[in-house]
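The primary structure of each chain is shown beneath.
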Amino acid sequence: MVTIERKGGDPTMDDHGRQDGTVPRPEGPGTRPDEDRDEGKGEGTDEGKPLDPLPYEGVWRFTAPSVEASVPQARHAVRDLLVRQGIPVPADVAEGLLLIVSELVTNAVRHAAVLSPTLGVEVAVGSGWLRLSVEDNHPYRPTALETDHARTGGRGLLLVREITREAGGACDVAHTATGGKVVWVALPLGPAAR
């Protein structure tokens, strides 16, 4: 059984292997850690005091072997994380996110296992966004394929992009400093209960 553990001091995916330290996040109000959560009342403060992080904010990561059994395990681990942490994800976005987990982990298993015996899954949650990343050590950077109705496969990234677009999020693929790749999806969260 795979469980996602909260990161604490492990720098393995803090910056997705990027040497410039940038971390992909959706754009918009409430999506930057230094923004105030109460509609522009200052630099992350409530009457001059820093806001405490919401209980569900954090970064969780797990690694798994690049085998088919990791697909449902990753999906279940992310679902359990959403419930356990009380992350305010609307039901339709949560369903889309779990489908995205399945697609991205399946892609890593099917196309990267030869060069990447393990894969990494990371979930980062801020006050208004959630970012899911799947990393492997294969250098090939996939692109969304054109729809070919005669094909029975090969449309996973198109599905990921469509789900992400409908939710108002962003997605991309980037190279890591170690020569592999990370596929990430950032989605907006619902309003937080205070």
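Right, let's walk through the structure included here. Just so it is clear, the structure is predicted and the values come from calculations on it, not from any experiment.

## A look at the overall build of the protein
Part 1 of the reasoning: Scanning the protein for helices and strands turns up three helices and eight strands.
Part 2 of the reasoning: Listing every helix and strand of the protein by position from the N terminus yields β-β-β-β-α-α-β-β-α-β-β.
Part 3 of the reasoning: Expressed as a percentage of the 194 residues in the protein, the buried residues total 45%.
Part 4 of the reasoning: Restricting the contact set of the protein to residue pairs at least 6 apart, pairs at least 24 apart contribute 67%.

## Looking at helix H3 (residues 156-167)
In an α-helix there are 3.6 residues to a turn, and that puts residues three or four apart on one side.
Part 1 of the reasoning: The end-to-end C-alpha separation of H3 is 17 Å, in line with the 16 Å expected for twelve residues at 1.5 Å each.
Part 2 of the reasoning: Within the sequence span of H3, burial applies to Gly156, Leu157, Val160, Ile163 and Thr164. All buried residues of H3 project into a common sector of 125° when viewed along the axis, lining one side. For H3, the exposed residues lying more than 90 degrees away from the buried face are Arg165 and Glu166.
Part 3 of the reasoning: Where H3 is buried, its residues contact helix H2 (91-112), strand S7 (170-175) and strand S8 (181-188).

## Looking at the packing of H2 against H3
Part 1 of the reasoning: Remark: H2 packs on H3, axes separated minimally by 10 Å, with the N-to-C direction vectors making an angle of 155°. In terms of orientation, H2 and H3 fall into the roughly antiparallel class. Crossing angle aside, the handedness with which H2 passes H3 is left-handed. Counted together, Val93, Gly96, Leu99, Ile100, Glu103, Leu104 and Asn107 of H2 and Gly156, Leu157, Leu159, Val160, Ile163, Thr164 and Ala167 of H3 form the full contact between these two elements.
Part 2 of the reasoning: Considered class by class, the residues forming the contact of H2 with H3 number nine nonpolar, four polar and one charged.

Rules behind the numbers
- Residues numbered from 1 in each chain as written.
- Predicted model: local features only at pLDDT ≥ 70, side-chain atom pairs only at ≥ 80, totals over all residues.
- Heavy atoms only, no water.
- Helix = DSSP H or I, 4+ residues; strand = E, 2+ residues; numbered from the N terminus.
- Buried < 20%, exposed > 50% of the residue type's maximum accessible area, 1.4 Å probe, protein only.
- Contact = heavy atoms within 4.5 Å.
- Expected span 1.5 Å × (residues − 1).
- Arc of directions from axis to C-beta.
- Axes fitted to C-alpha atoms, helices over the stretch in contact; angles between N-to-C directions.
- Parallel < 35°, antiparallel > 145°, perpendicular 65-115°, else oblique.
- Left-handed = near helix turned anticlockwise from the far one by under 90°.
- Nonpolar A, V, L, I, M, F, W, Y, C, P; charged D, E, K, R; others polar.

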